[in-house]
Amino acid sequence: MAARKRPSGQNLKSHRSYTTGELATVLRVSRGTIHNWMRSGLEPIEGGKPLLFLGRVVKGFLSDYRQRHRSPCGPDEIYCLGCRKPQQPAGGLADLRHNSRGALVLSGICPSCEAMMFRVVAQRDVPDIKQILDVNESADAHD
Ligand SMILES: [Zn+2]
């Protein structure tokens, strides 16, 4: 298959919400791709039926996703959307918890711009992360 440009989400409207089908049409991807993105951490609007995605969230996810493939983070780094590069969380402190979709999310504060940074991590990477960062495993929120 020829190398395709990854969708950038530039044609999405930040404040609009999109169904899976609308998103597939606007970004010219399959619904399966959107489900893959959800497994990679794309979050739909909570409680939306059918699933709805906020344009701003999808844009942020796509830019993060593209950057991550370009400059992979080290095990102790989280990609900062503000600085547009991987950063080690301030003080070597990070939180680890499951999000509402069951993905394991590492979060920390960017030492440069103080933004919260989030990264979906694999369970198998947790021991490596814990060797470098001081990880606080918060109890999962059940709502
Ligand atoms: Zn930053």
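Note that the coordinates shown come from a computational prediction; the quantities given were computed from them, not determined experimentally.

1. Some thoughts on the overall build of the chain
Step number 1: Counting its regular elements, the chain contains four helices and eight strands.
Step number 2: Of the regular secondary structure in the chain, the N- to C-terminal order runs β-α-α-β-α-β-β-β-β-β-α-β.
Step number 3: Residue burial in the chain is summarised as follows: out of 143 residues, 18% are buried.
Step number 4: Here the contacts in the chain between residues at least 6 apart in sequence split such that 50% fall between residues at least 24 apart.

2. Some thoughts on the sheet that holds strand β7 (residues 116-121)
The pairing of strands in a sheet happens through backbone hydrogen bonds and is either parallel or antiparallel.
Step number 1: Here four strands make up an open sheet; going across it, the order is β7-β6-β5-β8 and the pairing mixed. Each end of this open sheet is capped by a strand with a single partner; those strands are β7 and β8 (134-137). Adjacent strand axes in the sheet meet at a mean angle of 30°, parallel and antiparallel pairs treated alike.
Step number 2: Pairing of strand β5 (residues 93-98) with β8, which is carried by four bridges, proceeds in the parallel orientation. Bridging from a neighbouring strand, L93 pairs with D134 of β8.

3. Thoughts on the environment of S112
Step number 1: For S112, the location among the structural elements is in the loop between β6 (104-109) and β7.
Step number 2: A sequence separation of 25 residues divides S112 from Q87, and the C-alpha atoms of the two residues are 8.3 Å apart.
Step number 3: S112 has contacts with C83 and Q87, leaving out every residue within four places of it along the chain.

4. Here we look at the pairing of β7
Step number 1: The alternating pattern of β7 places M117, R119 and V121 on a buried face, while none of M116, F118 and V120, on the opposite face, is buried.
Step number 2: Both β6 and β7 contribute to a ladder of six bridges, which runs antiparallel. Bridge pairing links V105 to V120 in β7.

5. Quick notes on the pairing of β6
Step number 1: Pairing analysis gives four bridges linking β5 to β6, with the strands arranged antiparallel. Residue pairing in the sheet places H98 in a bridge with L104 of β6.
Step number 2: In textbook terms, the turn of a hairpin is the stretch between consecutive antiparallel strands, and for β5 and β6 this stretch comprises five residues, one of which, G102, has a positive phi near 85°.
Step number 3: Between β6 and β7, which pair antiparallel in sequence order, lie six residues; one of them, E114, sits at a positive phi of approximately 65°.

About the thresholds
- Residue positions within a chain follow its written sequence, with the count starting from 1.
- Local features in a predicted model are, by the rule used here, given only for residues with pLDDT of at least 70; side-chain atom pairs are given and counted only at 80 or more, and totals for whole chains, interfaces and linings are based on all residues.
- Secondary structure follows DSSP: runs of H or I at least 4 residues long count as helices, runs of E at least 2 residues long count as strands, and numbering of each begins at the N terminus.
- The burial criterion counts other C-beta atoms lying within 10 Å of a residue's C-beta, which is placed from the backbone; the residue is buried at 20 or more, exposed at 12 or fewer, and partly exposed between these limits.
- Distance between backbone-placed C-beta atoms decides contact: two residues are in contact if it is within 7 Å.
- Strand pairing is assigned whenever DSSP identifies at least 2 bridges connecting the two strands.
- To get an axis, a line is fitted to the C-alpha atoms, and for a helix only the part in contact is used. The angle between two axes follows their N-to-C directions and goes from 0 to 180 degrees.

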